Amino acid sequence: MLQHSIITKTKSPRPGVKTGAKIWAVLLMLGMNLTIAGCAGEPNFTPVAPMNETAGYQLGSGDMVQITVFGDPSLSGERQVDGTGHFAFPLIGQVKASGLKSTELETLLEKQLKDYMRDPNVGVQVMSHRPFYIVGEIRKPGSYPYVNGITVINAIAIAGGFTYRAREGSFYIQRPAQKAQIEAGQATPVRPGDVIIVQERHF
């Protein structure tokens, strides 16, 4: 009965049907990808939590943030953290954001704005994250825009796929906040700023 109900809905001419069909297609594709990864004999690495499930995301070069100064729209707007980890802000000048959480940046801005405003109230929201990088045995190595929820195999697909020399079952990730490389598999989540290293297989 459940299958009949789903089929009936996808054939219905009512508004919103196309959107529902697209969602089902995406879910089916995700299921196929997980099945393929499971059948490939992928090593059982310790899972790494996705970026959006990790508490305390720290800002870094390339992140775009929306800063809202309540009561003063002229100070509000988007700012991008530059290569040195700073961004320019009216009245204050250069603000170091790299390594700070959003809440910590709010506190910093409120403290510095007290010289110009009475009881400043600041909100910070991350609008877009810094890119990730992929190198090694991949067809199009380089940097790519970060997409929330992306995994290693998704990143490889974005970068054009493996070369014929690639080791397709295991990888390394160099994470900005960590000195040591992390062992990873195809389903390992990627975080902003990660460098994915696709190794050469042994012939």
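Residues numbered from 1 in each chain as written. Predicted model: local features only at pLDDT ≥ 70, side-chain atom pairs only at ≥ 80, totals over all residues. Heavy atoms only, no water.

So, about the overall build of the protein. For the protein, the count of helices and strands is four helices and ten strands. The secondary structure elements of the protein, listed N-terminal to C-terminal, are α-α-β-β-β-β-α-β-β-β-α-β-β-β. Relative to its 203 residues, the protein shows a buried fraction of 33%. For the protein, the proportion of contacts with a sequence separation of at least 24, taken over those separated by at least 6, is 51%. Working note: accessible area of the protein is about 12600 Å², and carbon and sulfur atoms make up 57% of it. (Helix = DSSP H or I, 4+ residues; strand = E, 2+ residues; numbered from the N terminus. Buried < 20%, exposed > 50% of the residue type's maximum accessible area, 1.4 Å probe, protein only. Contact = heavy atoms within 4.5 Å. Areas by Shrake-Rupley, 256 points an atom, 1.4 Å probe, with all protein chains shown as cover.)

Here strand β3 (residues 86-89) shows a clear split, with Phe-87 and Phe-89 buried on one side and none of His-86 and Ala-88 buried on the other. As judged from the four bridges shared by β3 and strand β4 (residues 93-96), these two strands associate in the antiparallel manner. By the bridge assignment, His-86 is partnered in β4 with Lys-96. Hairpin connection, β3 to β4: the antiparallel pair is bridged by three residues, and Leu-91 has positive phi, about 75 degrees. (Pairing = 2+ DSSP bridges.)

On to the packing of aromatic side chains. Enumeration according to the criterion identifies two aromatic pairs in this entry. Judged by centre distance (5.9 Å) and plane angle (25 degrees), the ring pair of Phe-132 and Tyr-144 falls under stacked. With Phe-132 in strand β6 (residues 132-136) and Tyr-144 in strand β7 (residues 142-144), the pair connects residues that are twelve residues apart, well separated along the chain. Between Phe-162 and Phe-171, the ring centres sit 6.1 Å apart and the planes meet at 10 degrees, which makes this aromatic pair stacked. Phe-171 carries the same exposure label as Phe-162, and that label is buried. (Phe/Tyr/Trp six-rings, centres within 6.5 Å; stacked < 30°, edge-to-face > 60°.)

So, about the sheet that holds strand β8 (residues 166-174). Pairing is mixed across the open sheet formed by five strands, whose spatial order is β7-β6-β10-β8-β9. Edge strands, defined here as strands with exactly one partner in the open sheet, are β7 and β9 (182-184). Each adjacent strand pair in this sheet contributes to an overall mean axis angle of 30 degrees, direction not counted. (Axes fitted to C-alpha atoms, helices over the stretch in contact; angles between N-to-C directions.)

Structurally, the position occupied by Asn-154 is in helix α4 (residues 152-158). Taking the relative accessible area as the measure of exposure, Asn-154 reaches 31% and is therefore partly exposed. Spatially, the C-alpha atoms of Asn-154 and Gln-186 are 8.3 Å apart, while their sequence positions differ by 32 residues. Looking at Asn-154, its side chain comes within polar contact range of the side chain of Thr-151, at 2.8 Å. (Polar contact = N/O pair within 3.5 Å; in protein donor to acceptor, adjacent residues only side chain to side chain.)

Keep in mind that these numbers describe shape and distance, not what the molecule does.
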